[in-house]
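# Secondary and tertiary structure notes
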Amino acid sequence: MISAFTGTQVREAEQPLLDSGEGAVLMQRAAHGLAAAVVRELQRRGRRIYGSAVTVLAGKGNNGGDGLFAAAKLASRGMRTTAVLTADAAHPEALAAFLSAGGRAHRLAPENAEELAVLTAGDDAIIDSVLGTGARGGLRGAAAELVSLLQELRPALVVACDIPSGVDADTGEVHWPVLPADVTVTFGGIKAGLLADPGEEYAGRVELVRIGIEHRLPAASLLRLEAPDLTALVPSPGRRDHKYSRGVLGVVAGSERYPGAAVLSVQSASATGAGMVRYLGPGSVARHVLARTPEAVVEEGSPGRVQAWLLGPGIPDPEPGEPDGDEQLRRVRDTLEAARAAGQPVVVDAGALGVLPARCPAHWILTPHAGELAAFLSRRHTARGEAAVTRDDVGSRPLHFARLAATDSGATVLLKGATTLVASPSGAVFSQSEGTPWLATAGSGDVLAGLLGSLAAQYAETAMDDDGPFAALGIAPEDRWAAAAAVAASLHGRAGSRASDGGPLTARALLRELPERWPAWGTGTRSRSVSMTGRDPIRHAAVLLWHIAAPPRAGGGTLSAT
Ligand SMILES: NC(=O)C1=CN([C@@H]2O[C@H](COP(=O)(O)OP(=O)(O)OC[C@H]3O[C@@H](n4cnc5c(N)ncnc54)[C@H](OP(=O)(O)O)[C@@H]3O)[C@@H](O)[C@H]2O)[C@H](O)CC1
Ligand SMILES: [K+]
């Protein structure tokens, strides 16, 4: 499991060492790791180091200091090194080291921004060390102009120092312009903003350099499940299990208008381990469901025992003139009431999001996309006389709004996106990014809802106990349902990447990827490559290489092992 931290958490972990005068050692470890990453990436691309050219964009603070010290190390490897000093000052010792290593420095000004952009864009590598965790907002003035020009000129290789300048280390919000990085070399702890959109999209592959503060870091601000975690968390039946003990899921989904959502969500639930799926809905929809999933049980009256519910796929929001909505929405309301009394986990999707009570239990998992989350929050905010929230608000600050919705409602909130975020009402967040943009297709959300419902039914009885698999991974009781939803998001994303294989996919193709690979997924048919390079983390900087393989400047980083 990958842990990520806010810039503040990392800075606080650094502080005692700074106070004891070890800041220079930390910086040298950071610079060593940064320089080593540039060398490795150039070699990976078949470039010679000696004689290659690198430019460092250096800000006024320690982020700029990291970059200048790293460039000095690259100069000692025979690289031609240029520094563009973007502020009126620079880290004095680092600049001195850079110049004495033979580097050439230019002070950026509005009148030379274009000339410097053209001068440096052709270099073999650019190191972006303008702003790090001390940034407030984005690039300004000539630095913003230089980066905008470099974006157009598309340098061969961009390596961001700690975070791409302009990306908020805590939230992943982006203050444009930001130079998209091929690699982000981050220090001490992975920054949460590198694992949340839109920041993740600009980070490229993330490499962590340990600088000796790791043991001082607090509980992570954001977590990411990896393949070995799926192995531990993907449920599998025991010898004494039977269909009722494996987890029965009740599904209230579909409508005359959208029968397909019921078909897809029931099929998905049935294919991913639920012992049984009970379907409740209009007869015409039920016939479609049975045609595709004959093993489903269609319930007329009150259903038999279930361990969990999935409510909402394909159920439209209430019409303005019909506040109670159609029969399905009434069925959703009744089921929510019964489920709360029974303490059952509920996956709440689509139209069901509009009929939730003010406060929900953490084992109710909402699965909105950005527009649905904006509507969900706006209903609550306007009822309190607060400003509405737009889809664009959510799109630019997904981590903030997912967390807000969870803490405000008490429910667990899975916010779908290129990077899917799952917020626990405790404030902890899981971030999963195994998907592909091709998953943005009709029915994909219904398949996810069915998969998540199936897992909820399988987890309901014992998985959340203190001797269960989530506790074994060290996940706090209040965050276990968020972790369960993250399992679903991870499996769904992996299935989507396989079904897409780089091209368009349909929800039906996505379904086909679900069951066959189910047991293999946990082991991850893509084994994660994690290697320690550099030297011992206590005595020297060490680089824990883990690859969020994001094709350089591709849309979003994906967690796929190499
Ligand atoms: N602390 C350590 O020992 C280590 C730090 N590491 C690296 O350091 C950065 C954090 O460095 P810091 O100096 O705290 O902050 P920055 O370098 O990110 O910012 C520098 C200054 O820039 C000014 N600033 C802030 N926002 C902007 C902006 N939008 N545009 C222009 N300038 C801005 C601000 O100065 P002011 O005088 O304007 O207040 C900042 O102080 C961290 O990211 C690491 O790279 C290493 O990890 C090693 C250990
Ligand atoms: K930076």
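Residues numbered from 1 in each chain as written. Chains lettered and ligands numbered in written order. Predicted model: local features only at pLDDT ≥ 70, side-chain atom pairs only at ≥ 80, totals over all residues. Heavy atoms only, no water.

Going by the annotation in an unreviewed UniProt entry, the name recorded for the protein chain is Bifunctional NAD(P)H-hydrate repair enzyme, with Arthrobacter cupressi given as the source organism.

### Quick word on the overall build of the protein chain
Note the threshold: We count a stretch as a helix when DSSP gives it H or I for four or more residues in a row; a strand needs E for two or more, and each element gets its number in order from the N terminus. Note on method: radius of gyration uses C-alpha positions; expected globular size equals 2.2 Å times residues raised to 0.38. Residue contacts follow a heavy-atom distance rule, with two residues in contact if any of their heavy atoms lie within 4.5 Å. Working definition of accessibility: Shrake-Rupley area with a 1.4 Å probe, residue cover restricted to the visible protein chains.
Of the regular secondary structure elements, the protein chain holds 19 helices and 21 strands. Expected size for 562 residues packed as a compact globule is a radius of gyration near 24 Å; at 25 Å, the protein chain falls within 12% of this value. The dimensions of the protein chain, computed from C-alpha atoms along their principal axes, are 85 × 55 × 45 Å. The contacts in the protein chain between residues at least 6 apart in sequence include a share of 71% that link residues at least 24 apart. Just so you have it, the protein chain exposes about 21,500 Å², and 52% of that area is on carbon and sulfur atoms.

### A closer look at the coordination of the potassium ion (ligand 2)
As a reminder of what qualifies: Counted as coordinating are nitrogen, oxygen and sulfur atoms within 2.8 Å of the metal, or 3.2 Å for Na, K and Ca, while water is not included, which may make sites look incomplete. Each label reflects the angles at the metal, where four donors whose angles all fall between 85 and 135 degrees are tetrahedral, four or six donors whose opposite pairs open beyond 155 degrees and whose other angles stay between 65 and 115 are square planar or octahedral respectively, and the rest are irregular. Three exposure classes are used, based on accessible area relative to the maximum for each residue type with a 1.4 Å probe and protein chains only: buried under 20%, partly exposed in between, and exposed over 50%.
Binding of the potassium ion (ligand 2) to the protein goes through Asn63 (OD1), Asp128 (O), Leu131 (O), Cys161 (O), Ile163 (O) and Ser165 (OG), at separations of 2.6 to 3.1 Å. Viewed at the metal, the six donor atoms of the potassium ion (ligand 2) are separated by angles of 71 to 175°, and the geometry they form is irregular. Summarised as a motif, the one-chain spacing of the donors to the potassium ion (ligand 2) is N-x64-D-x2-L-x29-C-x1-I-x1-S. Under the relative-accessibility criterion, serine 165 is labelled buried at 1%.

### Here's the deal with the nonpolar core
Here is the rule: In plain words, nonpolar cores are sets of buried Ala, Val, Leu, Ile, Met, Phe, Trp, Tyr and Cys residues tied together by side-chain atoms within 4.5 Å.
If you look at the biggest cluster of nonpolar residues, it comprises 59 residues, and the most contacted ones within it are Val251, Tyr279, Val289, Phe430, Tyr459, Phe470 and Val487. Broken down by element, the residue count for this core peaks at 12 residues, all from helix H17 (residues 480-500). Ignoring sequence-local partners within four residues, the contact set of phenylalanine 470 consists of Leu233, Tyr459, Ala463, Met464, Ile475, Arg480, Ala483 and Ala484. Counting residues in each nonpolar core, the second largest holds 47 residues, with Ile2, Ala196, Val306 and Trp309 among its members.

### Some points on the sheet that holds strand E11 (residues 248-252)
Note the following rule: When DSSP finds two or more bridges between two strands, those strands count as paired. To obtain an axis, a line is fitted to C-alpha atoms, over the contacting stretch when the element is a helix, and the angle between two such axes runs from 0 to 180 degrees between their N-to-C directions.
Taken in spatial order, the 12 strands line up as E8-E1-E10-E19-E18-E17-E16-E15-E14-E11-E12-E13 in an open sheet, and their pairing is mixed. Of all the strands in the sheet, just strand E8 (190-191) and strand E13 (297-298) have a single pairing partner and so form its edges. Two strands pair when backbone bridges link them, and strand E16 (residues 364-366) and strand E17 (residues 412-415) are joined in this way by two bridges, in the parallel orientation. By the bridge assignment, leucine 366 is partnered in E17 with valine 413. Seen against the sheet, helix H11 (residues 327-342) touches E11, strand E12 (276-280), strand E14 (308-311), strand E15 (346-348) and E16 and runs at an angle of roughly 155° to E14.

### Here's the deal with helix H6 (residues 141-153)
Two residues of an α-helix separated by three or four positions point the same way, owing to the 3.6 residues in each turn. Definition in use: A helix is expected to span 1.5 Å for every residue after the first.
An ideal rise of 1.5 Å per residue puts 18 Å on 13 residues; H6 measures up with 19 Å between its terminal C-alpha atoms. In this fold, the buried residues of H6 make contact with strand E2 (53-58), strand E3 (80-85), helix H5 (113-121) and strand E5 (125-129). Directly after H6, the chain includes arginine 154, whose backbone phi takes a positive value near 45°.

### Considerations on the site of ligand 1
Quick note on the threshold: Here a residue is near a molecule or strand as soon as one of its heavy atoms is found within 4 Å of it. Throughout this description, a polar contact denotes any pair of N or O atoms lying within 3.5 Å of each other; where both atoms belong to protein, one of them has to be capable of donating a hydrogen while the other can accept it, and for residues adjacent in sequence the pair is counted only when both atoms sit in side chains. Lys, Arg, Asp and Glu make up the charged group, whereas Ala, Val, Leu, Ile, Met, Phe, Trp, Tyr, Cys and Pro make up the nonpolar group; the residues left over, Gly among them, are polar.
Every one of the 22 residues lining ligand 1 counts as a neighbour, but Asn63, Asp66, Gly132, Gly138 and Asp162 are closest to it. Between ligand 1 and the protein, one listed contact pairs an oxygen atom with a side-chain N or O atom of asparagine 63 at 2.8 Å. Here ligand 1, which alone exposes 920 Å², has 82% of that area covered by the protein. At the level of secondary structure, the elements contributing two or more residues to the shell around ligand 1 comprise helix H1 (7-19), helix H2 (23-44) and helix H3 (62-75). Of the residues contributing to the shell around ligand 1, the split by class is seven nonpolar, eight polar and seven charged.

### Overview of the side chain of serine 500
Relative to the assigned elements, serine 500 resides in helix H17. Apart from the residues within four sequence positions on either side, serine 500 is in contact with Thr436, Trp438 and Leu505.

### As for the UniProt feature "domain: YjeF N-terminal" (unreviewed entry) in the protein chain
Heads up, the condition is: UniProt positions are given in the numbering used here, feature names are shortened, and annotations may be inferred rather than shown by experiment.
Under the local residue numbering, the UniProt record ascribes the feature "domain: YjeF N-terminal" (unreviewed entry) to residues 10-219. With 39% helix and 18% strand, the stretch residues 10-219 has end C-alpha atoms that lie 11 Å from each other.

### Remarks on the pattern of salt bridges
Heads up, the condition is: The working definition used for a salt bridge is a side-chain nitrogen of Lys or Arg within 4 Å of a carboxyl oxygen of Asp or Glu.
Using the criterion set out here, one finds 19 salt bridges in the structure. Several salt bridges converge on common partners, so that one network encompasses Arg40, Glu41, Arg44, Arg45, Asp182, Arg205 and Glu207.

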